[in-house]
Amino acid sequence: MSGHPLGVNTWVWTSPLTDATLAALAARVAGWGFDVLELPVENPGDWDPQRAAGVLADHGLGATVCLVMPPGRELVGADEATIRSTRDYLFRVVDAAATVGSAVIAGPAYASVGRTWRLSPGERTAAYAQLRESLAPVVDHAGAAGVTVAVEPLNRYETSLLNTVGQTLEAIGDLPHCGVALDLYHQNIEETDVPAAIRAAAGRVAHVQVCGNDRGTPGVDHLDWPAILAAIDEAGYTGPLCIESFTAENATIATAASIWRPLAESQDAIAVDGLKFLRAVMP
């Protein structure tokens, strides 16, 4: 197989993920020709990692794992008890990733999605230092499990801490077992030159999520996919490209992701048509 393995996030169809929906979706995405199923851990215990590992193996699928940061999960600008409980959650996500064979846990591992606050340059520097301190035990645990923590910058409406690849590289510094998660939806909003931003993270890109600029089907959009995919390769990333979109059927996740209308004729179409497009456009 040429190019990258291709995956799809279960959020395209459902939230929260359960053992039953995981099993049903694994069969469907494997049948369509995907290589990887991306599994969010909204709360540990929603789905059983050991059982999931068996299901994925039965269908010949690899796995990637997403961490989730709702209100109450914070690694910066919060009391010690909150930071400690967030760290404990991330330990559990690392363990789930190791069990299902995911090389990464990816997501905004710094603050709850939707939390914004103004930061002076000095406050920002201090917040980045606190983030490295808060993440240190997590990346140590991840490294021992063979997992990398992929920190995802989000657009300005979802966070004020890490919006760009450059900010994320500055924030994580030289933390081991830690890299950048690229989500093209956010890069399309925040980066003035998306391929250049990706190339600037050479050697540190740990995970890549893809979708159309409107969170819909990859390829049904205005993105310069050949340039973006070339930059991903130039950055030295060889892992999967995972389609991430969201169902409008679940009120909580639709509101969190601002999904106010259908983004394709069906959720299946986002996956199937996106897979076909990515297979065709990959160098």
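Computed from a predicted model, the values in this text were never measured in an experiment.

Peer 1: When you look at the overall build of the protein in this model, what are you seeing that I'm missing?
Peer 2: Within the protein, the regular secondary structure consists of ten helices and eight strands. The C-alpha atoms of the protein give 17 Å as radius of gyration, which agrees with the globular expectation for 283 residues (19 Å, within 12%). Considering only C-alpha atoms, the protein reaches an extent of 50 × 40 × 35 Å along its principal axes. Each of the 283 residues in the protein was classed as buried or not, and the buried ones make up 54%. When the accessible area of the protein is evaluated, it comes to approximately 11,200 Å², of which 52% is carbon and sulfur surface. Charge centroids of the protein, computed over 17 positive and 33 negative side chains, lie 3 Å from each other.

Peer 1: Any chance you could explain the packing of aromatic side chains here in plain terms?
Peer 2: Any two aromatic rings considered together are summarised by their centre-to-centre distance and by the angle between their planes. Applying the stated criterion across every chain yields a total of three aromatic pairs. Here the guanidinium or amino end of Arg73 rests over the ring plane of Tyr89, the centre of that ring lying 3.6 Å away. Positioned over the ring face of Trp117 is Arg115, at 4.0 Å from the centre of the ring.

Peer 1: Looking at this model, I keep getting lost on the nonpolar core. Mind explaining?
Peer 2: Buried together is how nonpolar side chains tend to be arranged in soluble globular proteins. One finds Val8, Leu39, Trp47, Ile105, Ile198 and Leu241 to be the most contacted residues of the largest nonpolar core, which totals 88 residues. The element best represented in this core is helix H3 (residues 80-100), accounting for eight residues. Those residues in contact with Ile105 that sit more than four places away from it in its chain are Val65, Leu67, Leu90, Val93, Val94, Ala97, Val147, Thr148, Val149 and Ala150. Residues Val104, Ala150, Ala181 and Ala206 belong to the second largest nonpolar core, which totals five residues.

Peer 1: Is there a simple way to think about unusual backbone geometry in this case?
Peer 2: Apart from glycine, the bulk of residues carry a negative phi angle, and the bulk of peptide bonds sit in the trans form. Of note, the amide linkage connecting Ser15 to Pro16 takes the cis form, showing an omega dihedral of -10°. You can see Pro16 is positioned in the loop between strand E1 (6-9) and helix H1 (19-32). Despite not being glycine, Ser258 shows a phi value in the positive range, around 55°. Mapped onto the secondary structure, Ser258 falls in the loop between helix H9 (251-256) and helix H10 (267-281). Residue classification places Ser258 among the partly exposed residues on the basis of a relative accessible area of 42%.

About the criteria used
Residues numbered from 1 in each chain as written. Predicted model: local features only at pLDDT ≥ 70, side-chain atom pairs only at ≥ 80, totals over all residues. Heavy atoms only, no water. Helix = DSSP H or I, 4+ residues; strand = E, 2+ residues; numbered from the N terminus. Rg over C-alpha atoms; globule rule 2.2 N^0.38 Å. Buried < 20%, exposed > 50% of the residue type's maximum accessible area, 1.4 Å probe, protein only. Areas by Shrake-Rupley, 256 points an atom, 1.4 Å probe, with all protein chains shown as cover. Lys, Arg positive; Asp, Glu negative; His and termini not counted. Charge placed at Lys NZ, Arg CZ, Asp CG, Glu CD. Phe/Tyr/Trp six-rings, centres within 6.5 Å; stacked < 30°, edge-to-face > 60°. Lys NZ or Arg CZ within 6 Å of the ring centre and 35° of its normal. Core = buried A, V, L, I, M, F, W, Y, C linked by side-chain atoms within 4.5 Å. Contact = heavy atoms within 4.5 Å.

None of this, on its own, says anything about what the molecule does.
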